[in-house]
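# Analysis of the macromolecular model
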Amino acid sequence: MTITTEKPLVQIEGLHKYYGNHHVLRGIDLTVNQGEVSVVIGPSGSGKSTMLRCVNLLETISAGRISVGGDLIGYREVKGRLHDLKSKEIAAQRREIGMVFQRFNLFPHKTALQNIMEAPVQVKGQSKTVARKRALELLDRVGLGDRAGHYPSQLSGGQQQRVAIARALAMDPELMLFDEPTSALDPELVGDVLNVMKDLAKSGMTMIVVTHEIGFAREVGDRLTFMDGGVVVESGDPREVLANPQHPRTKEFLSRVL
Amino acid sequence: MDSHQDSQAAPVLNDAVPVRHPGRWVSAIIIIGVLVGFVQSLVTNPRFRWDVVGTYILDTKVVQGVAWTLVLTFASMVLAIILAILLAFMRQSDNPVFRWSSWTWVWFFRGTPVYTQLLFWGLIAVLYPKISAGVPFGPEMFSMDTSTVVTATVAAILGLGLNESAYLAEIFRAGLKSVDSGQMEAAEALGMGKTKIMWRIILPQAMRVIVPPTGNETIGMLKTTSLVLAVPFTLDLTFATNALANRIYLPIPLLIVAAFWYLVITSILMVGQHFIEAHYGKGVDNRVPAAINPAAAKASAAVAPSAEAEPDLKMDFPEEEAK
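Residues numbered from 1 in each chain as written. Chains lettered and ligands numbered in written order. Predicted model: local features only at pLDDT ≥ 70, side-chain atom pairs only at ≥ 80, totals over all residues. Heavy atoms only, no water.

## Digging into the overall build of chain B
Quick reminder of the rule: Numbering of helices and strands runs from the N terminus; a helix is a DSSP stretch of H or I covering at least four residues, while a strand is a stretch of E covering at least two. Note on exposure labels: buried denotes an accessible area under 20% of the residue type's maximum, exposed denotes more than 50%, and partly exposed covers the range between, all computed with a 1.4 Å probe on protein chains only. Residue contacts are defined here by distance: any two heavy atoms, one from each residue, within 4.5 Å place the two residues in contact.
Secondary structure assignment for chain B yields 15 helices and two strands. When each of the 323 residues of chain B is scored for burial, the buried share is 34%. When contacts within chain B are restricted to residue pairs at least 6 apart in sequence, long-range pairs at least 24 apart make up 73% of them.

## Some details on the pattern of salt bridges
Going by this rule: Just to be clear on terms, a salt bridge is a Lys or Arg side-chain nitrogen sitting within 4 Å of an Asp or Glu carboxyl oxygen.
One pass over the full model with this rule turns up 22 salt bridges over all chains. The residue Arg 200 of chain B makes a salt bridge to Glu 118 of chain A at a minimum N-O spacing of 2.5 Å. Residue Arg 200 of chain B is located in helix H11 (residues 194-224), and its partner Glu 118 of chain A is located in helix H3 (residues 112-122); the two belong to separate chains. In this structure Arg 200 of chain B comes out as partly exposed when scored by relative accessible area, which is 28%. For Glu 118 of chain A, a relative accessible area of 3% translates into the label buried. A salt bridge links Asp 237 of chain A to Arg 239 of chain A, with the shortest nitrogen-to-oxygen separation between them at 3.6 Å. A single salt-bridge network, built from bridges that share partners, covers Arg 91, Arg 110, Glu 170 and Arg 173 of chain B.

## Considerations on helix H9 (residues 152-178) of chain B
Operational definition: Expected span of a helix, by definition, is 1.5 Å for each gap between consecutive residues, and there is one gap fewer than residues. The angle between axes fitted to the seven-residue stretch ending at a residue and the seven-residue stretch beginning at it gives the bend at that residue.
Between the first and last C-alpha of H9 of chain B there are 39 Å, a value that for 27 residues agrees with the 39 Å anticipated at 1.5 Å per step. At Ala 166 of chain B, H9 of chain B is deflected by roughly 30°, the largest bend along its length.

## Looking at the pairing of strand E1 (residues 130-134) of chain B
Residue and element names in this part refer to chain B. Keep this limit in mind: Here, any two strands with at least 2 DSSP bridges between them count as paired.
Note: E1 against strand E2 (residues 140-145), five bridges, orientation antiparallel. Across the sheet, residue Ser 132 finds its bridge partner in E2, namely Ser 143. Once E1 ends, the chain turns through five residues before running back antiparallel as E2, passing Phe 137 with a positive phi of about 60°.

## Quick look at the packing of H3 of chain A against helix H5 (residues 157-169) of chain A
Residues and elements named next belong to chain A. Applicable threshold: Angles run from 0 to 180 degrees between N-to-C directions of axes, and those axes are lines fitted to C-alpha atoms, restricted for helices to the stretch in contact. Throughout, the term roughly parallel applies to angles under 35 degrees, roughly antiparallel to angles over 145, roughly perpendicular to angles from 65 to 115, and oblique to all others. Take the far helix as your reference; a near helix turned counterclockwise from it by less than a right angle gives a left-handed crossing, and one turned clockwise gives a right-handed crossing. In this count, Pro and Cys sit with the nonpolar residues alongside Ala, Val, Leu, Ile, Met, Phe, Trp and Tyr, while Asp, Glu, Lys and Arg are called charged and the others, Gly among them, polar.
Following both chains from N to C, one finds H3 and H5 inclined at 25°, their axes separated by 8 Å at the closest point. Considering the angle they form, H3 stands roughly parallel to H5. Here H3 and H5 pass one another in a crossing that is right-handed. Residues Ala 112, Asn 115 and Ile 116 of H3 form the contact with H5, whose participating residues are Val 163, Ala 166 and Arg 167. Per-class residue counts for the contact of H3 with H5 are four nonpolar, one polar and one charged.

## Focus: the packing of aromatic side chains
Note the following rule: Aromatic pairing here means that ring centres of Phe, Tyr or Trp (its six-membered ring) are within 6.5 Å. Orientation follows from the plane angle: under 30 degrees is stacked, over 60 is edge-to-face, and everything else is tilted. In this scheme, Lys NZ or Arg CZ marks a charge over a ring once it lies within 6 Å of the ring centre and within 35 degrees of the ring normal.
Following the criterion strictly, the structure yields eight aromatic pairs over all chains and no others. With 5.1 Å between their ring centres and 35° between their planes, Phe 226 of chain A and Phe 253 of chain A make a pair best called tilted. Taken together, the residues span a long stretch of sequence, with Phe 226 of chain A in strand E11 (residues 223-228) and Phe 253 of chain A in helix H9 (residues 248-257) at a distance of 27 residues. Exposure class is identical for Phe 226 of chain A and Phe 253 of chain A. Each is buried. On the numbers, 4.7 Å between centres and 40° between planes, the contact of Trp 105 of chain B with Phe 109 of chain B is tilted. Taken together, the positions of Trp 105 of chain B and Phe 109 of chain B, both in helix H5 (residues 96-111) and four residues apart, correspond to about one turn of that helix. Put simply, the rings of Trp 105, Phe 108 and Phe 109 of chain B touch in pairs and so form one group of aromatic residues. Geometry around Phe 104 of chain A places Arg 103 of chain A over its ring, the cationic atom sitting 6.0 Å from the centre. Positioned above the aromatic ring of Phe 107 of chain A is the side chain of Arg 167 of chain A, whose terminal nitrogen or guanidinium carbon lies 4.5 Å from the ring centre.

## Re the packing of helix H4 (residues 60-91) of chain B against H11 of chain B
Residue and element names in this part refer to chain B. Interhelical geometry of H4 versus H11 gives an angle of 145° and a closest axis separation of 11 Å. Judged by the twist between their axes, the crossing of H4 over H11 is right-handed. Contacts between H4 and H11 involve Thr 69, Thr 73, Ser 76, Met 77, Ile 81, Ile 85 and Phe 89 from the first element and Met 198, Trp 199, Leu 203, Thr 214, Glu 217, Thr 218, Met 221 and Leu 222 from the second. Here the contact of H4 with H11 is built from residues that sort into nine nonpolar, five polar and one charged.

## Quick word on the side chain of Asn 56 of chain A
Residue position: Asn 56 of chain A is located in the loop between helix H1 (48-55) and strand E4 (63-68). Take Asn 56 of chain A: its relative accessible area is 2%, and that puts it in the buried class. Sequence-distant contacts of Asn 56 of chain A, defined by excluding residues within four places in its chain, comprise Arg 94, Ile 97, Met 99 and Leu 177 of chain A together with Ala 189 of chain B.

## Focus on the pairing of strand E7 (residues 81-84) of chain A
Residue and element names in this part refer to chain A. Relative to E7, strand E6 (residues 75-78) runs antiparallel, the two being bridged by four bridges. Bridging from a neighbouring strand, Val 78 pairs with Arg 81 of E7. Counted along the chain from E6 to the antiparallel partner E7, the turn is two residues long, and its residue Lys 79 has a positive phi close to 50°.

## As for the sheet that holds strand E10 (residues 206-210) of chain A
Residues and elements named next belong to chain A. Taken in spatial order, the six strands of this open sheet run E8-E9-E10-E3-E11-E12, and their pairing is mixed. Each edge of the open sheet is held by one strand with a lone partner, namely strand E8 (97-100) and strand E12 (231-236). Recorded for the sheet is a direction-independent mean angle of 15° between the axes of neighbouring strands. Summarising the sheet, strand E3 (residues 37-41) and E11 pair through four bridges and their orientation is parallel. Bridging from a neighbouring strand, Ser 38 pairs with Arg 223 of E11.

## Digging into the confidence of the model for chain A
The criterion, for reference: Values of pLDDT, which run from 0 to 100, indicate the predictor's confidence residue by residue.
Within chain A, residue pLDDT values average 94, and 98% of them lie at 70 or more. The lowest-confidence element of chain A is H9 of chain A, averaging 93 in pLDDT; the highest-confidence one is strand E9 (residues 175-179) of chain A, averaging 98.

## A word on unusual backbone geometry
A cis amide bond, omega 5°, links Val 231 of chain B with the succeeding residue Pro 232 of chain B. Mapping Pro 232 of chain B onto the fold places it in the loop between H11 and helix H12 (237-248). Positive phi, normally seen in glycine, also occurs at Lys 79 of chain A, with a value near 50°. Among the structural elements, Lys 79 of chain A can be located in the loop between E6 and E7. When its relative accessible area of 85% is taken as the criterion, Lys 79 of chain A is described as exposed. Positive phi is not limited to glycine here, since Tyr 249 of chain B has a value of about 60°. Secondary-structure assignment places Tyr 249 of chain B in the loop between H12 and helix H13 (251-280).

Dropping the structure here:
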């Protein structure tokens, strides 16, 4: 499908997450190679979104380690002891990781163009001219070149999500996280968003995609991971896992969604 | 309408008999009757002394009083807004010292009457004759007389502004909390720092919730300035008209003069508030007229996008895709 190397970009090792006494993630291991599209599926409450949110520290990590591009996320290790990173250092790590949310989370008081320009100008210090040119290119790329001056409320859900993808791409991240990007969309709008994601995958972007779109996993995914109850139940080539699931829980889940 | 529908005969519009509203007519007659009676009394009752109202409405003392009332209102509101933003941010901070300080400030200034606070600021020079800076129990770096720094004007502005900051802090806090948490997450995920997120993402959206009650508070402040005689500050509108009334033994016409000016200022403030609300409602509130009237939406969409948008961009209203 896509050109992947054996060089790991993301390494999640022994990841645990507690909310109080609630043990949501119970030891997750996941490796994503450079250029790979890693699709994560599973029933709601399985912890797949929580795992994704740990990768850019929208959730704190209770136990275990995550590294992206060789850098430990959220911590610095000094003499075998972990130290929390300062919020500025965390912000710097997040710049390399783009995130797309289920509810889009576009800034409603800014136009599509302003949404995309915001971070390059404010965070990277790009000039407005450069940022505007790039933002318009990105809008063209997601098929919304004629919607630059529209506010999010004037766009459909599918259009908003494509602007959100363009907004994340404007920071030139090395990794893109998709948290159920099509779950809040009307069925007829899902295709446009998936097409943008497919193009992105073809261009060699490393992606972790939490989704319910089994078709997308089969067609675009390089690896499919099935999570349930806070653990990875099964992981492998998407076509193999989907055609011939090994674990009974995977079989049961797939029988209900396929 | 597309050509498919043009080929068909135009539908016959329903011609239904509307519901009658006799109550509206009855209430209109009663209210108009009362109004006419009131206006008649205004004209015919000589005790209003409209001639005196006319004499004093543009009196130098009165106009100066209006100016001072405006100065006090704006200066104390500006001070209060700056403090309130700071207090609201502190209240949301990770730093427990900030959270606690903010809470205590609001507790104190909201928990004591503004009149008492104004009296205190008036007496501050009695309490602390000298202001000095230095290390506690250590050497002193400079010192000056309190009465030269805290004049009546300064005392009035401090008294009104600090008290108001406590109320505004709560309004701002509610506003910040009203913004969807996804906005904070989206901005964080883009690598924005906390200060930038607050000023550029959260606060502009919170302003939609903050502006209406703040406008209310500003109008309240306009009238609270009449309490500054506690300091004592003696140049504001209420004090000026009272002084004139006491001189000529005619309180009613001068109360009317004062009420007239307060009404004028309030009306102007309301117009200003309308424009501020329209500014911060951008992208959210403009959705409603767009849905009802596509032509107006098209016109406003062509005007609304700010300097960020290319002037030559197509601004078509998104017809079928719009939610």
